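Examination of the molecular architecture
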Amino acid sequence: MALAQSGLNIRDPQQAYDQRRRTERRVCNLQAVIVTRHGEISGRIFNLSAGGAGISIDPVVSLRPGESFVLRHDVLGEIPCIVRWAVHPRFGAEFTVAGAALASVHAVYDRLSADPGGEV
């Protein structure tokens, strides 16, 4: 779909993509484990927001939109998620819990704003 048809008057497609996001993302580089019904997959969180994360995984494995999994990280804990988009080997995950269950995510997110390097 062309940007003009979408109602957006933007020349830069990346800017249009960024405007689709509901919450601000912070760049990071966090080692994580993705737990699926098929087993555990090593991955890296490359961005984090209050509602989800961008994750890259081993290229041998693929996840599809709609698949559920648990994101496991030493500081974040275990967070139930659902895949919202996938461009192998990267995908976007939405957290399927809210409120107090995401306290650790908010704490890490706040630290990322103070530390542009993205390591936690």
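The following refers to the structure shown. What you see is a predicted model; the values in this text were computed from it and never measured.

Further remarks concern the overall build of the protein. Helix and strand counts for the protein stand at two helices and six strands. When the helices and strands of the protein are placed in sequence order, the string is α-β-β-β-β-β-β-α. Residues counted as buried form 32% of the 120 residues belonging to the protein. With an accessible surface of roughly 7,400 Å², the protein has 51% of that area assigned to carbon and sulfur atoms.

Before going further, it helps to examine the packing of aromatic side chains. Scanning the model with the defined rule gives one aromatic pair in all. Ring geometry for Phe-69 and Phe-91: centres 5.5 Å apart, planes at 85°, overall edge-to-face. In this pair, Phe-69 sits in strand β4 (residues 68–73) while Phe-91 sits in strand β6 (residues 90–95), placing the two residues 22 residues apart along the sequence. Residue Phe-69 is classed as buried on the basis of its relative accessible area, which comes to 4%. In this structure, Arg-90 packs its charged tip against the face of Phe-46, placed 3.7 Å from the ring centre.

Attention shifts here to unusual backbone geometry. The phi angle of most residues is negative, glycine excepted, and most peptide bonds adopt the trans form. Residues His-88 and Pro-89 are joined by a peptide bond in cis, for which omega reads 10°. In this structure, Pro-89 sits in the loop between β5 (77–87) and β6.

Now for the sheet that holds strand β3 (residues 52–57). Taking strand neighbours around the barrel as the criterion, the six strands line up as β1-β2-β3-β6-β5-β4 in a closed arrangement whose pairing is antiparallel. Across this sheet, the average inter-strand angle for adjacent strands is 45°, counted without regard to direction. Bridge analysis of β4 against β5 gives six bridges, and the strand direction is antiparallel. Bridge pairing in β5 links Phe-69 to Cys-81.

The rules we used
Residues numbered from 1 in each chain as written. Predicted model: local features only at pLDDT ≥ 70, side-chain atom pairs only at ≥ 80, totals over all residues. Heavy atoms only, no water. Helix = DSSP H or I, 4+ residues; strand = E, 2+ residues; numbered from the N terminus. Buried < 20%, exposed > 50% of the residue type's maximum accessible area, 1.4 Å probe, protein only. Areas by Shrake-Rupley, 256 points an atom, 1.4 Å probe, with all protein chains shown as cover. Phe/Tyr/Trp six-rings, centres within 6.5 Å; stacked < 30°, edge-to-face > 60°. Lys NZ or Arg CZ within 6 Å of the ring centre and 35° of its normal. Pairing = 2+ DSSP bridges. Axes fitted to C-alpha atoms, helices over the stretch in contact; angles between N-to-C directions.

Worth remembering: the numbers are spatial, not functional.
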